[in-house]
Amino acid sequence: MITIEDFKKMELRIAEIKDVTDHPNADRLYVVVLDFGDKTKQVVAGIRNFYKKEDLVGKQVVVVDNLEPVVLRGVESYGMLLAVSDETGLVIISPEKKMKPGSVVK
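Definitions and cut-offs
Residues numbered from 1 in each chain as written. Predicted model: local features only at pLDDT ≥ 70, side-chain atom pairs only at ≥ 80, totals over all residues. Heavy atoms only, no water. Helix = DSSP H or I, 4+ residues; strand = E, 2+ residues; numbered from the N terminus. Rg over C-alpha atoms; globule rule 2.2 N^0.38 Å. Buried < 20%, exposed > 50% of the residue type's maximum accessible area, 1.4 Å probe, protein only. Contact = heavy atoms within 4.5 Å. Polar contact = N/O pair within 3.5 Å; in protein donor to acceptor, adjacent residues only side chain to side chain. Phe/Tyr/Trp six-rings, centres within 6.5 Å; stacked < 30°, edge-to-face > 60°. Lys NZ or Arg CZ within 6 Å of the ring centre and 35° of its normal. Core = buried A, V, L, I, M, F, W, Y, C linked by side-chain atoms within 4.5 Å.

Chemist: Help me out: how do you make sense of the overall build of the protein chain in this one?
Modeler: Of the regular secondary structure elements, the protein chain holds two helices and nine strands. Reading the helices (α) and strands (β) of the protein chain from amino to carboxyl end gives α-β-β-β-α-β-β-β-β-β-β. For 106 residues, the compact-globule estimate of 2.2 N^0.38 gives 13 Å, and the protein chain sits close to it at 14 Å. Structurally, the protein chain occupies a C-alpha span of about 35 × 30 × 30 Å along its principal axes. For the protein chain, the proportion of its 106 residues judged to be buried stands at 34%. Within the protein chain, counting contacts between residues at least 6 apart in sequence, those at least 24 apart form 58% of the total.

Below you can see the structure in the form of structure tokens.
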């Protein structure tokens with residue numbers, strides 16, 4: 001169990017996907033450029049088997065914005081897209097309506 005204070009440490013924000021490329025070293029990963037309004041970030045996302053690149057550009061997503069950077073298969077990642085999965089597949093979590101990039105998820 002985590003406390004509410006632990007949960008509050010996560011910075012969840014809305015970002016808009018600006019660019020998507022195939023990861024050079026992994027068949028299931030994309031390299032995604034996200035726009036937060038005041039900054040852009042690159043994340044590596046394991047969504048390639050579920051989304052076409054052209055369907056992602058312009059999509060708004062929920063991102064964990066304050067994760068420590070990691071290198072995934074040789075590419076730096078500066079956050080994490082949130083998604084839900086079950087036996088039918090995987091779906092990225094998105095706001096119901098268009099929101100200002102950088103908006104805080106509460």
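The rest of the description comes next.
Chemist: Looking at this model, I keep getting lost on the side chain of Lys-41. Mind explaining?
Modeler: Locating Lys-41 in the fold gives a position in strand β3 (residues 40–45). A polar side-chain atom of Lys-41 sits 3.3 Å from the main-chain carbonyl oxygen of Tyr-78. Contact partners of Lys-41, with chain neighbours within four places excluded, come to Val-32, Val-33, Leu-34, Phe-36, Asp-65 and Tyr-78.

Chemist: I'm lost on the packing of aromatic side chains in this one. Help?
Modeler: The relation between two aromatic rings is expressed through the spacing of the ring centres and the mutual angle of the planes. Tallied over the entire structure, the rule returns zero aromatic pairs. Geometry around Phe-36 places Lys-39 over its ring, the cationic atom sitting 5.4 Å from the centre. Lys-41 extends its terminal NZ or CZ atom over the ring of Phe-36, reaching a point 6.0 Å from the ring centre.

Chemist: What is the right way to read the nonpolar core from this model?
Modeler: For soluble globular proteins, nonpolar side chains are generally found buried alongside one another. Formed by 17 residues in total, the largest nonpolar core has its most connected members in Leu-34, Ile-47, Leu-56 and Leu-81. When contributions to this core are tallied by element, the ones reaching two or more residues are β1 (12–22), β2 (30–35), β3, β4 (60–64) and β9 (89–92). For Leu-34, the residues in contact, after removing those within four places along its chain, are Ala-15, Glu-16, Ile-17, Lys-39, Thr-40, Lys-41, Val-43, Val-61, Val-63 and Leu-81. One finds Ala-26, Leu-29, Val-31 and Val-44 within the second-largest nonpolar core, a separate group that totals five residues.

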